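Each chain, letter by letter, is given below.
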Amino acid sequence: MLVTMAEKWPERVAAFSSSPSRFLSNTTAEAFLAELLRELRDDRVGDSVKVLLLSPLCEQPTLLCTSDSAGEETTLELMSVFAQCSPKSTAFRCQLLLAVTCVLLCTLRVSSRSPASQDFLDLLLQIAQDTTDLQGDVAARATRATACECLRELEACSPGLLSQRLELLNGLRQREPSQLHQAYTGLHVLVLRNAVYRLTQDSNAGTEHLKALLGGNTSAAWEAEQDRVPVGRRDSADSAVLSSLVLGPMGTVPRLQTGPDCKELRSVLSSCLEESYLLSPLSQAALLHRLTEVVAMVPGVAPAVFRAQLLRLLGTSEVCLFHATLLMKCAFTDSLFSAEDEAFLLKRLVALSQLPLLSTPDKLFYLDCILNFPENRPIGCGDDSLPVLLTPRLALALVPTMFNDSVTMLARLNLLSLVYLEEGEDGEAGDGGLAYLHEHLVSLLCVVENGGGREIVVTFFRAAFLFLLHFHHVRRYSDSLVGELRRLYLQHTYLAPHLINLANQTQEKLRESGWAVALLQALQGGIVDAPLDRLSLQDLGRHLKVLARVAEEGEISQSGTLGFLSSVVTRSSSWSLYTGAGGNWRLGNSLLAVCRHVLVHPSLDSLLLPLADVLQHLTCYYGDTDVQDHARFYYTLLTTLSREKLARVLEQGLREGGRQVKKRSLSCIMTEGEGLTNTLTLHRTKRATFRMVEAQREALEERDGEQCGGEASPAEALRAYRAQFSDSLFASDVTIGYRLTHSEQVDAGFDQLFSIRLHLGLTDQHYEELSDISVPCLFRDGLPPEVKVRLRPRRPYPTTLRASAIFTTQDGLSWLTVLPDVRVAFQQVFVPLPAPPAWTRGDKLSLFEALWEEISSESEQKDQAFDCATSLFCCQLKEAGLAAVVKRHFLPFLLSDASAGELKVLFFLPPRCHILMKVRSEEDATARFDIATDNWKLLPHISSYLLMLTSSQDDTRL
């Protein structure tokens, strides 16, 4: 059996990891967690399986530990397992530490006030101080490394948690001779940074508090606020502050009010910096970043403490270390870096950004560092302000070439453009830097012209946009670019979308520039002058897209466009536009798109006759019926409406600068009417049109034909009853009837509803997802239809269902309405005992006695994790009142004879819960309900239910 379970665990864990919600639909989080913990305590299970069992706790701790108390219990349980497992089980011990860390961070408040947190911190620190691995125990070293990582994660998520252990961590860092020295150093500087930051948040903190923290004097140390919110719930603003404090000069960093006497902190910083060369580059960068933040927060320590490290940092080839150096310069500026250092750094950046051996991301990083270089004394504060020392002579090494990759080329082009723009170069001198950039742009255009691939095409248009963004005012080059693009398009019409996008983006960014209009006008001229007999059908479609965009500009005359359209529709034999089989719907809509934009053009009055001729020709002769209908519609609008009314009908966008944005959906282009659109739209009602009301249950009378004799013994009845639960066909559904009734104050148009589709959504995880329900119709003066809602409980608790419906009204429109929430009460989940059909009442009574005895015995064993419980409910109720309650509510679930002194009631709650009650009336007019259940979580609901029943019998109460 053990081998079988071990073989099944990989499949179960994989199923949980792939879809936790689907996996837990067949069980509960509490049950699955209990299974995991039980297997982890089993000594017969191998370590490899136990490591696998911990993965759900590491991946989904909040899903399995649904409350803080569950997280506390799970933490203590895992620590108990850790204490009992063998020190040789290294992988399992390490995974246990990681699992406890995940559970603590995601479910509990990690602080010194949490017993579980404190115990775990003590355990981690004890492991971190265990140096037995230095005598050759490699396994202990792996456990120590994991403990150190867990401490670092706890401190990162709960800043200030380890602030009272600074002296201990500093000693561990200094005494560690193995490779774990790097991990201890990273942990120590993180705790140091967080502790100093916490001190800055206290206006009363000063030098003495800092000395106390560094010296480990917990009695005098500043008490930091350590009750941190768990990872999934902590304040994002606070975590953002602690992610990086050096975002600008030192004046923007929180400061700790200390005097010049900070020799203890200076000693710690010097020790860390002297040992920094022992760390890997990434760890060194993290160390320098944290220590930079510390020095920035403590005025008593001068930035000169980093001076000894600058020599190797300024000459480093490691990207991460160079970044840390720039962050240091951003924080300290001329307090640490001289003017010579600044010039050297900038030259170094220029040199590094062009090294051929570097990867593209590294080159882009260095170029970005040049753009955002932290100067000692910056002149400007804008986003486009370059460092003063970046002269055209220095930047000459970064001119873009055809041998650069696309992104590097664009980055260099942008940088050089900013350099020449700040120099005020106007491009009049032919040998200037701006002339070179234009020549480079023309070279890219030539590559595109000679059949360049998609990447070079995109690169060229992006480069053209960057060039125009900076130098659109230089008419010599901007006008030349218009001519080059016109020639390029006439040779390669497939570039139409790129040119339209370039015009759009340029017009949006440069609102006062007329370059986009000049480009569109040039393209229009090239199109209308092109010979039609050399045009392919594909080229014609591209030309029409460009002309449609040209027609959006009110400054451009459209007479040439209409002349081109007239030539197309009258000389169309080359494209077979008017034959029934060859009528091209897509091309016809492209023609109509141009006509539609001309309809709202400011100069429409002078274009009436040629536009009417084009539309009439399309109406009479085009080979596609849909295109004919649209042309007829446009022709009708043109000949019946004034220009102002026509613009209001067709214009869909707002004027943005010089361009009118007119976008229409395909459905509107095809129909041009609101009828079909209105019919196809799903409308939403302002209020609920109908509601769901629980249907009145039919009265169930007691069946007199049942026999009481020949019953099985309690043990046999219990065994036979439970055997049916193993049957895969056993149903555990609950069916609740509801009637649909119209709501008050609803429009008469909703009196008759058809094809109703009800959707019920869950608000919790107590039930399986519900299927939609179809109802043929609902009439206000008709009989309210009844719907059956089938619930499949996971846990038989009360719940609320969100309800909505889609339906059709008599006029053919479709509507969505949100119904009032549907409440499923606790008693609605009760179903009669699912006993075999051949059972007599005596068999059911035997089962009742067996279940009662089993529940009572298990509930008495307090030290066992049983769900069984017994309870007692009493109330002042006359015998007649009790009889009324039993007859009205308990009759379907009554097992004993009604004439007996003690009534026995058994409720079955799917999927497998039972509530047993022994009801009797005492001499003092007290009704006594003895209760037994195999799910103790149902007791509050049972008590509320009985209180509701008995309180309603006002006429029979004392």
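Engineer: Please clarify how the sheet that holds strand β11 (residues 869–876) should be interpreted in this entry.
Structural biologist: Strand pairing in a sheet is mediated by backbone hydrogen bonds. Such pairs are either parallel or antiparallel. Ordered by their spatial adjacency, 4 strands build an open sheet running β11-β14-β13-β12, and the pairing between neighbours is antiparallel. Edge positions in the sheet fall to β11 and β12 (903–909), since each has one partner strand and no second. Averaged over all adjacent pairs, the angle separating strand axes in this sheet is 20°, with direction ignored. Where β11 and strand β14 (residues 926–933) come together, 8 bridges link them in antiparallel fashion. Opposite Gln 876, over in β14, you have Thr 926 as the bridge partner. Along the sheet, helix α36 (residues 841–859) makes contact with β11, β12, β13 (913–921) and β14, crossing β13 at roughly 100°. Along the sheet, helix α37 (residues 879–890) makes contact with β12, β13 and β14, crossing β13 at roughly 155°.

Engineer: Explain the nonpolar core to me, please; I cannot follow it from the model alone.
Structural biologist: Grouped burial of nonpolar side chains is what soluble globular proteins tend to show. Of all hydrophobic cores here, the largest spans 200 residues; its most connected members are Leu 192, Leu 485 and Phe 564. Ranked by the residues each element gives to this core, the list is headed by helix α23 (residues 454–471), at 11 residues. In this view, Phe 564 contacts Ile 527, Val 528, Leu 532, Leu 535, Leu 540, Leu 544 and Leu 547; residues no more than four positions away in its chain are not counted.

Engineer: Which parts of the structure should I look at to understand unusual backbone geometry?
Structural biologist: Where the residue is not glycine, phi is negative for most of them; where a peptide bond is considered, it is trans in most cases. Following Pro 910, the chain continues to Pro 911 via a peptide bond in cis, the omega torsion being 5°. Even without being glycine, Ser 755 reaches a positive phi, approximately 50°. Examined against the element boundaries, Ser 755 turns out to sit in strand β6 (residues 752–762).

Engineer: Just to check I follow, could you spell out the packing of aromatic side chains for this structure?
Structural biologist: Two aromatic rings, taken as a pair, are described by how far apart their centres are and by the angle between their planes. One pass over the structure, following the stated rule, counts 23 aromatic pairs. Taken together, a centroid distance of 5.1 Å and an interplanar angle of 80° make the contact between Phe 826 and Phe 830 edge-to-face. Pairwise contacts between aromatic rings join Phe 826, Phe 830, Phe 890, Phe 893, Phe 907 and Tyr 945 into one cluster. It is Arg 12 that lies over the ring of Trp 9; its NZ or CZ is 4.8 Å from the centre. Just above the ring of Phe 337 sits the side chain of Lys 329; from NZ or CZ to the centre is 6.0 Å.

Engineer: Help me out: how do you make sense of the packing of helix α28 (residues 559–570) against helix α30 (residues 608–621) in this one?
Structural biologist: Helix-helix packing: each pair is described by the crossing angle between the helix axes and the interaxial distance. Axis separation between α28 and α30 bottoms out at 10 Å; the angle between their running directions is 25°. By the angle between their directions, the pair α28 and α30 is classed as roughly parallel. For the element pair α28 and α30, the recorded crossing hand is left-handed. On α30, the residues touching Leu 562, Leu 565, Ser 566, Val 569 and Thr 570 of α28 are Pro 610, Leu 611, Val 614, His 617 and Leu 618. For the contact of α28 with α30, a count of residues per class yields 7 nonpolar, 3 polar and no charged.

Engineer: I would appreciate a short explanation of the side chain of Thr 185 in the present structure.
Structural biologist: With respect to the secondary-structure elements, Thr 185 resides in helix α11 (residues 181–200). Assessed through its relative accessible area of 2%, Thr 185 is described here as buried.

Calculation criteria
- Residues numbered from 1 in each chain as written.
- Predicted model: local features only at pLDDT ≥ 70, side-chain atom pairs only at ≥ 80, totals over all residues.
- Heavy atoms only, no water.
- Pairing = 2+ DSSP bridges.
- Helix = DSSP H or I, 4+ residues; strand = E, 2+ residues; numbered from the N terminus.
- Axes fitted to C-alpha atoms, helices over the stretch in contact; angles between N-to-C directions.
- Contact = heavy atoms within 4.5 Å.
- Core = buried A, V, L, I, M, F, W, Y, C linked by side-chain atoms within 4.5 Å.
- Buried < 20%, exposed > 50% of the residue type's maximum accessible area, 1.4 Å probe, protein only.
- Phe/Tyr/Trp six-rings, centres within 6.5 Å; stacked < 30°, edge-to-face > 60°.
- Lys NZ or Arg CZ within 6 Å of the ring centre and 35° of its normal.
- Parallel < 35°, antiparallel > 145°, perpendicular 65-115°, else oblique.
- Left-handed = near helix turned anticlockwise from the far one by under 90°.
- Nonpolar A, V, L, I, M, F, W, Y, C, P; charged D, E, K, R; others polar.

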